[in-house]
Protein chains: 2
Amino acid sequence: MTRASVVGAGMTTFGVHESTLAELFATAALDAYDDAGVGPDDVDAFYFGNAMGGQTENDTHLAPKLASEVGIAGVPAQRFEDACATSATAFKNAVQAVEAGIHDTVLVGGVERCTPETGLGTGEMTRIFASASHRQYEQPTGLTFPGVFALLTKRHMHEYGTTEEQLAHVAVKNHANGQRNPRAHFGRELTVEDVLESPVVADPFHLMDCCPFSDGASALVVTSDERADSYDDPVDVTGVGHATDIVPLSAKPVPHATQAARDAAAGAYEQADVTADAMDFAEVHDCFTGAEVMASEAIGFFEDGEGGPAAAEGRSALDGDRPINPSGGLKAKGHPIGATGAAQIVELTEQLRGDAGDRQVEGAERAVAHNLGGDAGTTVVSVVEVRS
Amino acid sequence: MTRASVVGAGMTTFGVHESTLAELFATAALDAYDDAGVGPDDVDAFYFGNAMGGQTENDTHLAPKLASEVGIAGVPAQRFEDACATSATAFKNAVQAVEAGIHDTVLVGGVERCTPETGLGTGEMTRIFASASHRQYEQPTGLTFPGVFALLTKRHMHEYGTTEEQLAHVAVKNHANGQRNPRAHFGRELTVEDVLESPVVADPFHLMDCCPFSDGASALVVTSDERADSYDDPVDVTGVGHATDIVPLSAKPVPHATQAARDAAAGAYEQADVTADAMDFAEVHDCFTGAEVMASEAIGFFEDGEGGPAAAEGRSALDGDRPINPSGGLKAKGHPIGATGAAQIVELTEQLRGDAGDRQVEGAERAVAHNLGGDAGTTVVSVVEVRS
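Going by an unreviewed UniProt entry, chain A carries the name Beta-ketoacyl synthase N-terminal-like domain-containing protein and comes from Halomarina ordinaria.

See the structure below:
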């Protein structure tokens, strides 16, 4: 069967930008065009993700607007919004369209502005983020996302004895990796003590357990594996799993299992005909340190309950046996919501090409990305491999 | 090749509802399940459209929320937003997934709340709608959607001599049809004088040239044509075209041509291997009377410049030779943004089954739907046929 391949990858730095959504996205898209060696005339569809532009700056219907900015007005273009998994569902639909022969070469990507450059402060932005939690059952209680993941993590701690120190190791590791990533939001080193001594945001999370609000964009050029033969350094998308889980949180039978991630991972590994053991590293959705621990178990990198100890033992470090988030993850690289999912695939692409510089996972040939949305209601898991 | 078929269609009444988005959508979805004779266990994916829930009521990440409401938590679920074409892009992606064999049976639909039941008045809602126009080049000028379509229509009048009276005939005809549709927002008769004497909103549009803000939901069960053999009264989706056009308005070479509609129609007719002449009727995106005139030309029902005279001559009436909007269209049936595209397919399905009651287009065997988003930036055109 036809597979999809990534032949171009681009992104902005993640951080604070004065640019418009259009300027940010165009920077990433033109970077991806250049990387692939294509121009707008080579692109025949656009799968785009943005989560909150309507709420933050009254800007919707962005697919044709951004298509116009990057020279592809006319092609079928659609916007996806699935909370923090927004550009991963765009990627999944794009991969499926290429595999099905509906389109030859597509542009995929996402953009978001979440910092005070939008004119909105942290409080207002937190309220907007909370729109992804349940409108009737969660928002009225005052629950915002630090609380959502604190609840899940507290249950994980209860079940398995996961500790705040173990969680802190996730933040320390991701900051160490982020320091090696020139496009990361945060560049400073962090110690376990720094994390534990930072203010509590939502027990068990301290400020330094939480990812930042970032501005940024990411873009990919995806084509069929046959066409990819004529490009430099393609990487092949061998599996994409996508699942949802029941919401609100209170309806989930085993909340800390993050069942959608398990279902999505099973789907992706089955499509790719591999197991988690075959993965050389993972990019996972570490919006909070506890989320990385749960994700590392859900995608099969560690047994249930072993995610916390593994982080503390350095197993998920760049030089560990199961590296996780070499990019720095959401925690240090940053989290411009709609750009995050596609940016994970940018990282996989660069790593598998051996182009990741100081944060290179040595010899990486196969990797997995895990992108989660909302109160663990959506997860997309993708397997990408060096062309064999 | 495998085709997609609609085997279930459901919708709420369009109008003013006190229900939540979840309650509205569940009403439509359960109606579609019942119509198809399926249950949640038969559905393996969800393609969902909502345009403005984040802005109107801080409610996003609706795909898994609504999947949970209608018994399909777990399946891949994604939300689309493409302004007023929102559930048509969801429908397109669903149809493609079924044609490609990615999913067997999918739920497609959309929901929106636009009336003061949201707690927002007409002014605030107009500002939110305007988010679909260009953020940098159009919104700052004060342009809102009556103005967008007034500009396009004024150009059409300039080029072809289209008159306000001809536009008024579109409203009169759609209200006449809407009176025959028990789910329409507006049930009252209208005369040309009523339209021309109503207050001017944006020259050349009077209040009665404009569709209302409505609440409502629509849903479809779509499966492969092979599987559809075991259902009652399936209708086949033989072509779906989707195109964008450059934005802002000022960048369009021939604004009143609504080029995306022409490209989408050409794509849909080519896939279906038919011409416009073979269509027994059309549902088109008449957010304003002028929009119907332009759409009727773009989809090939009338020659360029003939859309206005044709409306005045009754050619697009229920008993005309080229019926348009037998449902009453957006103008009389109503326009709950995210529900509109899928609701057009509900109308096509009921008409092609001969189930449209007093508004039945006699002997209809093949029909086309035209759903437009934003400043004519997105259009999806779908051809649906009686199973031969």
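The structure having been displayed, the exposition proceeds.
Draft legend 1. View of the pattern of salt bridges. With the rule as written, the count across this model stands at 39 salt bridges over all chains. One salt bridge connects Glu350(B) with Arg183(B), and the closest N-O pair in it is separated by 2.7 Å. Of this pair, Glu350(B) sits in helix H14 (residues 337-352) while Arg183(B) sits in the loop between helix H7 (164-178) and helix H8 (192-197), and the two are 167 residues apart along the sequence. Taken individually, Glu350(B) and Arg183(B) each receive the classification buried, so the pair is uniform in this respect. A salt bridge links Asp229(B) to Arg387(B); its shortest N-O distance comes to 2.5 Å. With Asp229(B) in the loop between helix H9 (225-228) and strand S8 (235-244) and Arg387(B) in the segment after strand S11 (378-386), the pair connects residues that are 158 residues apart, well separated along the chain. Look at Asp229(B) and you get exposed, because its relative accessible area is 60%. Bridged by salt links that share partners, the residues Arg183(A), Glu347(A), Glu350(A) and Arg359(A) form one connected network.

Draft legend 2. Spatial organisation of the relation of the copies chain A and chain B. The transform that puts chain A on chain B rotates by 180 degrees and translates by 0.0 Å along the axis, for an RMSD of 0.0 Å. Such a combination of turn and shift is consistent with a two-fold rotation axis. Of the residues that chain A buries at the interface, 100% are likewise interface residues in chain B, meaning the two copies contact each other through the same surface.

Draft legend 3. Region of the structure containing a negative patch on the surface. A contiguous patch of negative charge on the surface is contributed by Glu189(A), Glu193(A), Asp194(A) and Glu197(A). Relative to the assigned elements, Glu197(A) resides in helix H8 (residues 192-197).

Draft legend 4. How the structure looks around the interface of chain A and chain B. Contacts between the two partners involve 53 residues from chain A and, on the opposite side, 53 residues from chain B. Counting each side, the surface lost to burial between chain A and chain B is near 4100 Å², with a carbon and sulfur contribution of 46%. In this assembly, chain A and chain B are joined by two salt bridges. Note that Glu81(B) is salt-bridged to Arg79(A), the shortest N-O span being 2.7 Å. At the boundary of chain A with chain B, the tally comes to 36 residue pairs in polar contact (both at pLDDT 80 or more). Residue assignment for the side of chain A that touches chain B shows that the elements contributing at least two residues are helix H2 (53-57), helix H3 (62-69), strand S3 (77-80), helix H4 (86-99), helix H5 (122-129) and strand S8 (235-244) of chain A. In terms of residue count, H3(A) provides more of the side of chain A that touches chain B than any other element does, six residues in total. Here the side of chain A that touches chain B is built from residues that sort into 19 nonpolar, 23 polar and eleven charged.

Draft legend 5. Summary view of the UniProt feature "domain: Thiolase C-terminal" (unreviewed entry) in chain A. This chain's UniProt record puts "domain: Thiolase C-terminal" (unreviewed entry) on residues 249-384 of chain A. In this annotation, residues 249-384 of chain A is assigned 38% helix and 13% strand; the end-to-end C-alpha distance for the span is 31 Å.

Draft legend 6. Just the packing of helix H7 (residues 164-178) of chain A against helix H11 (residues 289-298) of chain A, in detail. Residue and element names in this part refer to chain A. Following both chains from N to C, one finds H7 and H11 inclined at 95 degrees, their axes separated by 8 Å at the closest point. As far as their axial angle goes, H11 and H7 are roughly perpendicular. Residues Leu167, Val170, Ala171, Lys173 and Asn174 of H7 lie in contact with H11, whose contacting residues are Thr289, Gly290, Glu292 and Val293. A class-by-class count of the residues in the contact of H7 with H11 yields four nonpolar, three polar and two charged.

Draft legend 7. Up close: the pairing of S8(A). All names here are of chain A. Along S8, ten of the ten residues are buried, which leaves the element largely enclosed by surrounding structure. Here strand S1 (residues 4-11) runs beside S8; their pairing, made up of three bridges, is antiparallel. Each residue of the ladder has a partner; that of Ala4, found in S8, is Val237. One ladder, built from nine bridges, connects S8 with strand S11 (residues 378-386); its direction is antiparallel. When the bridges of S11 are listed, Val235 appears paired with Val386.

Draft legend 8. Fine view of the nonpolar core. Phe91(A), Leu220(A), Val222(A), Phe91(B), Leu220(B) and Val222(B) are the most contacted members of the largest nonpolar core, which has 74 residues in total. Excluding anything up to four places from it in sequence, Phe91(A) contacts Val6(A), Val108(A), Leu220(A), Val222(A), Val237(A), Val240(A), Ile345(A) and Ser382(A).

Draft legend 9. Geometry of the pairing of strand S7 (residues 216-224) of chain B. All names here are of chain B. With respect to burial, S7 is a largely interior element, nine of its nine residues being buried. With seven bridges connecting them, strand S1 (residues 4-11) and S7 associate as antiparallel partners. Its bridge partner lying in S7, Ala4 is registered against Ser224. As paired elements, strand S4 (residues 105-112) and S7 share eight bridges and run antiparallel to each other. Bridge pairing in S7 links Gly110 to Ser218.

Reading the values: the criteria
Residues numbered from 1 in each chain as written. Chains lettered and ligands numbered in written order. Predicted model: local features only at pLDDT ≥ 70, side-chain atom pairs only at ≥ 80, totals over all residues. Heavy atoms only, no water. Salt bridge = Lys/Arg side-chain N within 4 Å of Asp/Glu carboxyl O. Helix = DSSP H or I, 4+ residues; strand = E, 2+ residues; numbered from the N terminus. Buried < 20%, exposed > 50% of the residue type's maximum accessible area, 1.4 Å probe, protein only. Least-squares fit on C-alpha atoms with pLDDT ≥ 70 in both. Contact = heavy atoms within 4.5 Å. Patch = residues over 30% accessible without salt bridge, like charges linked within 9 Å, V, L, I, M, F, W, Y side chains within 5 Å. Areas by Shrake-Rupley, 256 points an atom, 1.4 Å probe, with all protein chains shown as cover. Lys, Arg positive; Asp, Glu negative; His and termini not counted. Charge placed at Lys NZ, Arg CZ, Asp CG, Glu CD. Buried area = accessible area lost by both parts, 1.4 Å probe. Polar contact = N/O pair within 3.5 Å; in protein donor to acceptor, adjacent residues only side chain to side chain. Nonpolar A, V, L, I, M, F, W, Y, C, P; charged D, E, K, R; others polar. UniProt positions renumbered as here; feature names shortened; annotations may be inferred. Axes fitted to C-alpha atoms, helices over the stretch in contact; angles between N-to-C directions. Parallel < 35°, antiparallel > 145°, perpendicular 65-115°, else oblique. Pairing = 2+ DSSP bridges. Core = buried A, V, L, I, M, F, W, Y, C linked by side-chain atoms within 4.5 Å.

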